[in-house]
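Examination of the molecular architecture
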Amino acid sequence: VQLQASGGGLVEPGGSLRLSCALSASIFNIPSVGWYRQAPGKQRELVARITRGDSTDYLDSVKGRFTISRDNAKNTVYLQMNSLKPEDTAVYYCNGNWNPIALTPGPYWGQGTQVTVSS
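All figures in this text were calculated on a predicted structure; none of them were measured in a lab.

What counts, and at which threshold
Residues numbered from 1 in each chain as written. Predicted model: local features only at pLDDT ≥ 70, side-chain atom pairs only at ≥ 80, totals over all residues. Heavy atoms only, no water. Helix = DSSP H or I, 4+ residues; strand = E, 2+ residues; numbered from the N terminus. Rg over C-alpha atoms; globule rule 2.2 N^0.38 Å. Buried < 20%, exposed > 50% of the residue type's maximum accessible area, 1.4 Å probe, protein only. Contact = heavy atoms within 4.5 Å. Areas by Shrake-Rupley, 256 points an atom, 1.4 Å probe, with all protein chains shown as cover.

On to the overall build of the chain. From N to C terminus, the chain includes zero helices and eleven strands. Each helix and strand of the chain, placed in order from N terminus to C terminus, yields the pattern β-β-β-β-β-β-β-β-β-β-β. On C-alpha atoms alone, the chain measures out to a radius of gyration of 13 Å, which is about the 14 Å that the 2.2 N^0.38 rule sets for 119 residues. Projecting the C-alpha coordinates of the chain onto the three principal axes gives extents of approximately 40 × 25 × 25 Å. Classification of the 119 residues of the chain by burial places 41% in the buried group. Intrachain contacts of the chain at a sequence separation of at least 6 include 53% that bridge at least 24 residues. Accessible surface for the chain amounts to roughly 6,100 Å². Of this, 49% is attributable to carbon and sulfur atoms.

Here we come to unusual backbone geometry. Across the chain, the bulk of peptide bonds are trans and the bulk of non-glycine residues have phi less than zero. Even without being a glycine, aspartate 54 presents a positive backbone phi close to 70 degrees. Looking at where aspartate 54 falls in the secondary structure, it is placed in the loop between strand E5 (45-51) and strand E6 (56-58). A positive phi is found at serine 83, a non-glycine position, where the angle reads about 50 degrees. Take serine 83: its relative accessible area is 40%, and that puts it in the partly exposed class.

Looking at the secondary structure, you find leucine 59 in the loop between E6 and strand E7 (66-71). A residue is classified by how much of its surface remains accessible, and leucine 59, at 21% relative accessible area, is partly exposed. The spatial distance from the C-alpha of leucine 59 to the C-alpha of threonine 116 is 18 Å, given a sequence separation of 57 residues. Ignoring anything within four residues of it in the chain, the contact list for leucine 59 reads Arg37, Glu45, Leu46 and Val47.

See below:
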């Protein structure tokens, strides 16, 4: 397994969760890691991504609420999610891409982690 995602769960609206994506040694230097999500009946969408140089991009609907970060020493990428809303409910996947500006996902996927925002 080259990407190992964890940290999902059930949280009330307004709550917080932190997702983690651990990269294996074989792809620890991959230039770009992103978090995607897919809700039932909806298309997969890119939520946030980060390069090794800490350049970041965010989906408009999560700007100001979500923060992506990368700890290169631990080969781990985090997605801190604050002020969660019911519409953030989805399965979240981390993805590794050799092309940091690609508009499509890279070839490496972690297993999904369910995030459910509900009262």
